[in-house]
Amino acid sequence: MLMRTDPFREFDRVAQQVFGATRPAAMPMDAYRSGDDFIVHFDLPGIDPETIDLDVERNVLNVRAERRSPAPEGAETIVAERPTGTFTRQLFLGDTLDTERIDASYEAGVLTLRIPVAEQAKPRRIRISGGDGGRKQLSN
C-alpha cells in the first residue's frame, strides 16, 4: 500500500477546525469545440441538481452550486475531507457563441453545457462575380 502525505490538506483541516474557514473549493472543468458547439464539463460530484444556478449576463456565464454536509446537525464529525459550501465559476463567452440557446444537463456528478456557435459566426459561401460575366464561388 502506497501512502502519501499532503501537508496542505492537514493545514486546511486544522485551519477549518480553528478558524472555521477553508480555501475556496475548486470546480474543475474541460472545454472543447465539437462541430458547431462548444462543450464544457464541470466536475460537481455530490451536488444536488436543485442547488445549481446558471445565468448569463453580457457574455459572462456564472455557475454556482452548493454541497451540503451529509452529516445531520449535532453529529460528531470524525473526518471531513470533502469540501462543502458554495462553488462558483465564471466563463467569459465570445460574441461568436449563441448564449440564448445554451443547453445544460447534470449526470453522474458532471454538469455539461452545450453552447452553440452563433449563425452569423459560422463559415459561409460568398458569391463573386467576375469581370468576364462568369461567376465563381469561394469557400471560407
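Structural notes, computed from the coordinates.

Cut-off values and rules
- Residues numbered from 1 in each chain as written.
- Predicted model: local features only at pLDDT ≥ 70, side-chain atom pairs only at ≥ 80, totals over all residues.
- Heavy atoms only, no water.
- Helix = DSSP H or I, 4+ residues; strand = E, 2+ residues; numbered from the N terminus.
- Contact = heavy atoms within 4.5 Å.
- Pairing = 2+ DSSP bridges.
- Axes fitted to C-alpha atoms, helices over the stretch in contact; angles between N-to-C directions.
- Buried < 20%, exposed > 50% of the residue type's maximum accessible area, 1.4 Å probe, protein only.
- Core = buried A, V, L, I, M, F, W, Y, C linked by side-chain atoms within 4.5 Å.
- Salt bridge = Lys/Arg side-chain N within 4 Å of Asp/Glu carboxyl O.

**Let's talk about the side chain of Asp37**
Piece 1. Looking at the secondary structure, you find Asp37 in strand β2 (residues 37-43).
Piece 2. For Asp37, the residues in contact, after removing those within four places along its chain, are Tyr32, Arg114, Ile115, Pro116 and Val117.

**Some points on the pairing of β2**
Piece 1. As paired elements, strand β1 (residues 29-34) and β2 share six bridges and run antiparallel to each other. Bridge pairing in β2 links Ala31 to Val40.
Piece 2. Adjacent in sequence and paired antiparallel, β1 and β2 are bridged by two residues, among which Gly35 carries a positive phi angle near 65°.
Piece 3. In this sheet, strand β7 (residues 110-116) lies alongside β2 in antiparallel orientation, the contact comprising seven bridges. Considered in β7, the bridge of Phe42 is made with Leu111.

**As for the pairing of strand β4 (residues 60-67)**
Piece 1. Pairing of strand β3 (residues 53-57) with β4 involves five bridges; the strand directions are antiparallel. Along β4, the bridge assignment pairs Asp53 with Arg64.
Piece 2. One ladder, built from eight bridges, connects β4 with strand β5 (residues 85-92); its direction is antiparallel. Paired with Arg67 across the two strands is Gly85, which belongs to β5.

**Examining the sheet that holds strand β6 (residues 103-107)**
Piece 1. With respect to topology, four strands assemble into an open sheet ordered β1-β2-β7-β6, the strand pairing being antiparallel. With one partner strand each, in any of the chains shown, β1 and β6 form the two edges of the open sheet. Adjacent strand axes in the sheet meet at a mean angle of 15° when their direction is disregarded.
Piece 2. The pairing of β6 with β7 spans five bridges and is antiparallel.

**What about unusual backbone geometry?**
Piece 1. One non-glycine residue with positive phi stands out, namely Arg58, at about 50°.
Piece 2. Looking at the element boundaries, Arg58 is found in the loop between β3 and β4.
Piece 3. Taking relative accessible area as the criterion, Arg58 reaches 78% and is therefore assigned exposed.
Piece 4. With a phi angle near 55°, Ala108 is a residue other than glycine that sits in the positive phi range.
Piece 5. By secondary structure assignment, the location of Ala108 is in the loop between β6 and β7.

**A look at the nonpolar core**
When a protein is soluble and globular, its nonpolar side chains tend to lie buried together.
Piece 1. Ranked by internal contacts, the top residues of the largest apolar core, which has 17 residues, are Phe42, Leu44 and Leu111.
Piece 2. Of all the secondary structure elements, the ones that give two or more residues to this core are β2, β4, β5 and β7.
Piece 3. Among residues more than four places away in sequence, those in contact with Leu111 are Val40, His41, Phe42, Leu44, Ile52, Leu54, Val63, Ala104, Ser105 and Tyr106.

**Re the pattern of salt bridges**
Piece 1. Within the structure shown, the criterion is met by five salt bridges.
Piece 2. In this structure, the salt-bridge partner of Arg68 is Glu66, at a minimum N-O distance of 3.7 Å.
Piece 3. By relative accessible area, which is 53% here, Arg68 ends up exposed.
Piece 4. Its salt-bridge partner being Asp98, residue Arg101 comes within 3.2 Å of it at the nearest N-O pair.
Piece 5. According to the relative accessible area criterion, Arg101 is partly exposed, its value standing at 47%.
Piece 6. Relative accessible area serves as the criterion here: at 16%, Asp98 is assigned to the buried category.

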